[in-house]
Amino acid sequence: MTAYGSFPGARPRRLRTTPAMRRMVAETRLHPADLILPAFVREGIHEPVPISAMPGVVQHSRDTLRKAAVEALEAGVAGIMLFGVPEDAKKDGAGTAGTDPDGILQVAIRDVKAEVGDELVIMSDLCLDEYTDHGHCGVLDADGRVDNDATLERYAEMAQVQADAGVHVVGPSGMMDGQVGVVRDALDQTGHEDVSILAYTVKYSSAFYGPFREAVGSSLSGDRKTYQQDPANVRESLRELALDLEEGADMVMVKPAGPYLDVLAKVAESVDVPVAAYQISGEYAMVEAAAEKGWIDRDKAIAESLLGIKRAGADMILTYWATEVAQGLGAGR
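The structure contained in this document is the topic of the report that follows. Keep in mind the model is a prediction, meaning the values are calculated, not measured.

A separate point is the overall build of the protein. Summing up its helical and strand segments, the protein has 11 helices and 10 strands in all. What you see for the protein is a C-alpha radius of gyration of 21 Å, in line with the 20 Å of a compact globule of 333 residues. Overall, the C-alpha framework of the protein stretches about 85 × 45 × 40 Å when taken along its three principal axes. Put simply, 75% of the contacts in the protein that link residues at least 6 apart link residues at least 24 apart. A total of about 15600 Å² of accessible surface is found on the protein, and carbon and sulfur atoms cover 51% of it. Once the 32 positive and 52 negative side-chain charges of the protein are each reduced to a mean point, those two points are 11 Å apart.

Here it is as structure tokens:
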């Protein structure tokens, strides 16, 4: 028999002995209300269109979007982030479909609002890339570069029409300097003081966006490295964070999530506002593809990836698995 006090005196494994024990001492927990469902709605279709690079995700018709919103609400998901996909013929250099009150995103906001009211937080992507024929997140100058300040004028218009449609939260995602302040002013000046801003504070120029380009029918050629952030940098992200908070951001986001957990942790430690992280299309696609090959356990990989994002400091996670995961969490109660 080992004498009292001899090695090992401390046995952390005692707290891992059974599922019940591990559940009791878990430091991080996922809840359905932590999750936000990104959803795509495409103009001019009557049946959902599968996205080949994102198995299980579709471009919704207006009818199926309503159903997806209700399903998310019933599962306990906190919110839905809407992305509009206009008809190609409606794209132009200024992205005017994005500020048309009858454009697909504004119509979708009204549809979802009529279906779920205020019970589900309705969020909207505030960016021009889906609506421009060149695929950039802003308007171009004579030399073909994204014109920051001219783009801000378009963002102000977008904020107004999205708020008029009934959105609860706008998500300016174009990474233009000053975008949060301009959007806040535009909302306040048009009687939409209660509409919140989820700032895409940290948005890296990432290879993991690939499947998203198919999802929104992107017309982009080239890249967005002159306005999205360099993956090599961290201090730059904290500078962006300070500016967004000063300009009036109600919530802040890190995107992508998985490859940037260190940045997410630094942001979460630095603020007293809610922090979101977006588990993007490439992160989703990798898990689905590896699971389809039989290389990983799909459900366990999904749960672990989300738990890691929550552990790093995210209060909210945008994930294409939101409804599915929320349903599973609800069933486990």
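A cis amide bond links Lys255 to the next residue, Pro256, at an omega of -5°. Structurally, the position occupied by Pro256 is in the loop between β8 (251-255) and α8 (261-270). Although it is not a glycine, Met175 sits at a positive phi angle of roughly 60°. When its relative accessible area of 6% is taken as the criterion, Met175 is described as buried.

The subject of this paragraph is helix α5 (residues 179-189). Helical periodicity: at 3.6 residues per turn, an α-helix aligns residues three or four positions apart in one direction. Along α5, the residues classified as buried are Gln179, Val180, Gly181, Val183, Arg184, Ala186 and Leu187. Buried residues belonging to α5 abut β5 (121-126), α4 (148-165), β6 (169-172), β7 (196-203) and α7 (235-247). Residue Gly191 follows α5 closely and has a positive phi angle near 80°.

The next point concerns the state of the cysteines. All told, the structure shown has 0 disulfides when counted by the stated rule. Note on Cys127: no disulfide assigned, nearest cysteine sulfur contributed by Cys137 at a separation of 3.5 Å.

Our next topic: the packing of α8 against helix α10 (residues 298-312). α10 packs onto α8 with a crossing angle of 35° between their chain directions and a minimal axis gap of 8 Å. Contact residues: α8 offers Leu261, Leu264, Ala265 and Ala268, while α10 offers Gly308, Ile309 and Ala312. By residue class, the composition of the contact of α8 with α10 is 6 nonpolar, 1 polar and no charged.

Another aspect to go through is the nonpolar core. Grouped together as the largest cluster of nonpolar side chains are 93 residues, with contacts concentrated most on Ile80, Leu82 and Tyr155. Setting aside anything within four residues of it in sequence, one finds Tyr155 in contact with Leu126, Cys127, Leu128, Cys137, Gly174, Met176, Gln179 and Val183.

Applying the stated rule across the entire model yields 16 salt bridges. Between Asp250 and Arg184 there is a salt bridge, with its nearest N and O atoms 3.5 Å apart. One end of the pair, Asp250, is in the loop between α7 and β8; the other, Arg184, is in helix α5, and 66 residues separate them in sequence. You can call Asp250 partly exposed: its relative accessible area is 31%. The exposure class of Arg184 is buried, given its relative accessible area of 11%. Residues Arg298 and Glu288 are paired through a salt bridge, measuring 2.9 Å at the closest nitrogen-oxygen approach. Taken together, the positions of Arg298 in helix α10 and Glu288 in helix α9 (residues 281-292) put the pair 10 residues apart, joining distant regions of the chain. A relative accessible area of 23% places Arg298 in the partly exposed class. Sharing partners across several salt bridges, the network here consists of Arg62, Asp63, Arg66 and Asp111.

The next point concerns the packing of aromatic side chains. The geometry of an aromatic ring pair is captured by two quantities: the separation of the ring centres and the angle between the planes. Applying the stated criterion across every chain yields a total of 6 aromatic pairs. Each ring, one from Tyr284 and one from Tyr320, has its centre 5.8 Å from the other, and the planes form 75°; the classification is edge-to-face. Taken together, the positions of Tyr284 in helix α9 and Tyr320 in the loop between β10 (316-318) and α11 (322-331) put the pair 36 residues apart, joining distant regions of the chain. Exposure class is identical for Tyr284 and Tyr320. Each is buried. Centre to centre, the rings of Tyr284 and Trp321 are 4.7 Å apart; their planes meet at 35°, and the pair counts as tilted. Of the two residues, Tyr284 sits in helix α9 while Trp321 sits in the loop between β10 and α11, which places them 37 residues apart along the sequence. With respect to burial, Tyr284 and Trp321 carry one shared label: buried. Grouped by ring-pair contacts, the aromatic residues Phe40, Phe83, Tyr278, Tyr284, Tyr320 and Trp321 constitute a single cluster.

Procedures and definitions
Residues numbered from 1 in each chain as written. Predicted model: local features only at pLDDT ≥ 70, side-chain atom pairs only at ≥ 80, totals over all residues. Heavy atoms only, no water. Helix = DSSP H or I, 4+ residues; strand = E, 2+ residues; numbered from the N terminus. Rg over C-alpha atoms; globule rule 2.2 N^0.38 Å. Contact = heavy atoms within 4.5 Å. Areas by Shrake-Rupley, 256 points an atom, 1.4 Å probe, with all protein chains shown as cover. Lys, Arg positive; Asp, Glu negative; His and termini not counted. Charge placed at Lys NZ, Arg CZ, Asp CG, Glu CD. Buried < 20%, exposed > 50% of the residue type's maximum accessible area, 1.4 Å probe, protein only. Disulfide = S-S within 2.5 Å. Axes fitted to C-alpha atoms, helices over the stretch in contact; angles between N-to-C directions. Nonpolar A, V, L, I, M, F, W, Y, C, P; charged D, E, K, R; others polar. Core = buried A, V, L, I, M, F, W, Y, C linked by side-chain atoms within 4.5 Å. Salt bridge = Lys/Arg side-chain N within 4 Å of Asp/Glu carboxyl O. Phe/Tyr/Trp six-rings, centres within 6.5 Å; stacked < 30°, edge-to-face > 60°.

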